[in-house]
Amino acid sequence: MSEPVEQARTVLTTAPADLLLSRIRALLDQEYGIADVELLQVDYRLAALLPLTSGEAVSEPGHPAWRCFDHQSPVYVDSTAYLPVSMRGERRGVLRVHPVTNEGLLADLAEIGTALAHELTAVDAGTDVYRTARRARRLTLAAEMQWELLPGRSRIRPSFSLAGQLEPAYAVRGDSFDWSDDGDRVWTATINGMGAGVAASMLTTLATCALRNARRAGISLADQAALADQAIYALHRGEQYLATLLLEVDLHSGLLTAVDAGSPRLVLLRDGEVSVQPLEAQFPLGMFEGSHYREQHIQLQPADRLFMISDGVLDATGQDVRYGESALDRMLRRTAPMSPLDAVRSLLGDLRAFVAGDLTDDAVVVCLDWYGPQP
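What counts, and where the lines are drawn
- Residues numbered from 1 in each chain as written.
- Predicted model: local features only at pLDDT ≥ 70, side-chain atom pairs only at ≥ 80, totals over all residues.
- Heavy atoms only, no water.
- Helix = DSSP H or I, 4+ residues; strand = E, 2+ residues; numbered from the N terminus.
- Buried < 20%, exposed > 50% of the residue type's maximum accessible area, 1.4 Å probe, protein only.
- Pairing = 2+ DSSP bridges.

A. Representation of unusual backbone geometry within the structure. In this model, His98 is joined to Pro99 through a cis peptide bond whose omega is 0 degrees. Looking at the element boundaries, Pro99 is found in the loop between strand S5 (90-98) and helix H4 (106-123). Pro168 follows Glu167 through a cis peptide bond whose omega is -5 degrees. In this structure, Arg237 takes a positive phi of about 55 degrees despite not being glycine. As for its placement among the helices and strands, Arg237 is situated in the loop between helix H8 (221-236) and strand S10 (243-250). The phi dihedral of Asp271 falls on the positive side, at around 55 degrees, and the residue is not glycine.

This is how it looks when you write it as structure tokens:
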């Protein structure tokens, strides 16, 4: 590792939370004569790269910044370098630096971009600077609550890759997703919310926290569902409930365990063919007192892709035709060569085009690629 990269790591770890970019700018100017440094963060909708300090937002497809973001590799154009700002598969944006007179510097600059991503993640909970700059417009209170719940938007490990997205991003109410992995298993929860506004977000928050609490107790997937069901029923007595799809993948075998609690749809893309996975429909969480849940098992194969899709996608209507009936399968097939995050973004972009505008109902899509058992 070069000395400037080591210096950048030191500068970032010692900088105040709000001054990460300015300290990196000063270092790059000193070491390389690079004075123009800007952080372009991807917005909540995955539709624009927004500058932290100055300049115009980047929204047009094909722009070098988007090519860098999409392909996750440096792009060098007219003495300007665009560098991925990502860590563990979580894409935060792009670092734009100019002038770069020596293309041989890209490797070092890319490492600095990665170091910046780690520090942005580390300081995010303690400052609003970076979250505020990621917004193309104001979030509703309900959306603010939902985004605070999320574990991230993408994750990569040797055995799997995972991504999810909420829509409409700036006004989402009750739909959500969650995930976690411990090196042996990965868990996902896809939630189809109930109600509207803050009340819907509060219900989803309760369900998410109850599921996390049960998962962290080390109990089975069915028991996780049962404990979350009890927590919601105890508060709402069946007047409010949540449709939820819980999945657990054994990273050593590829065995998928599923609990369908009135759930979003589970779709498998295998060898170019799309198939809805037949799961036993069970009661939504919180609908009845003392519900018991049963697990089902599916053996995944390397190169399988799973989509977890909420009703807001399936039931969206354009010209009196439901998206889930007419366009969904076609779009799922088209995503085959894309990464999970790009697949999710493309699917929701196609959905917005289908309805000719913003969605009127919440929608959530989660995509998981299974590469095969890890060593």
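B. Main features of the pairing of strand S4 (residues 80-87). Burial analysis of S4 places 8 of its 8 residues in the buried class, the great majority of the element. Burial along S4 is two-sided: Thr80, Tyr82, Pro84 and Ser86 facing one way and Ala81, Leu83, Val85 and Met87 facing the other are all buried. Where strand S3 (residues 75-77) meets S4, 3 bridges bridge the pair, whose relative direction is antiparallel. Looking across to S4, one finds that Val77 is bridged to Thr80. What sits between S3 and S4 in their antiparallel hairpin is a turn of 2 residues, with Asp78 showing a positive phi close to 50 degrees. Pairing analysis gives 7 bridges linking S4 to S5, with the strands arranged antiparallel. Residue Leu83 lies in a different strand from S5, and its bridge partner there is Leu95. As consecutive antiparallel partners, S4 and S5 are separated by 2 residues, and within that stretch Arg88 has a phi angle of approximately 50 degrees, a positive value.

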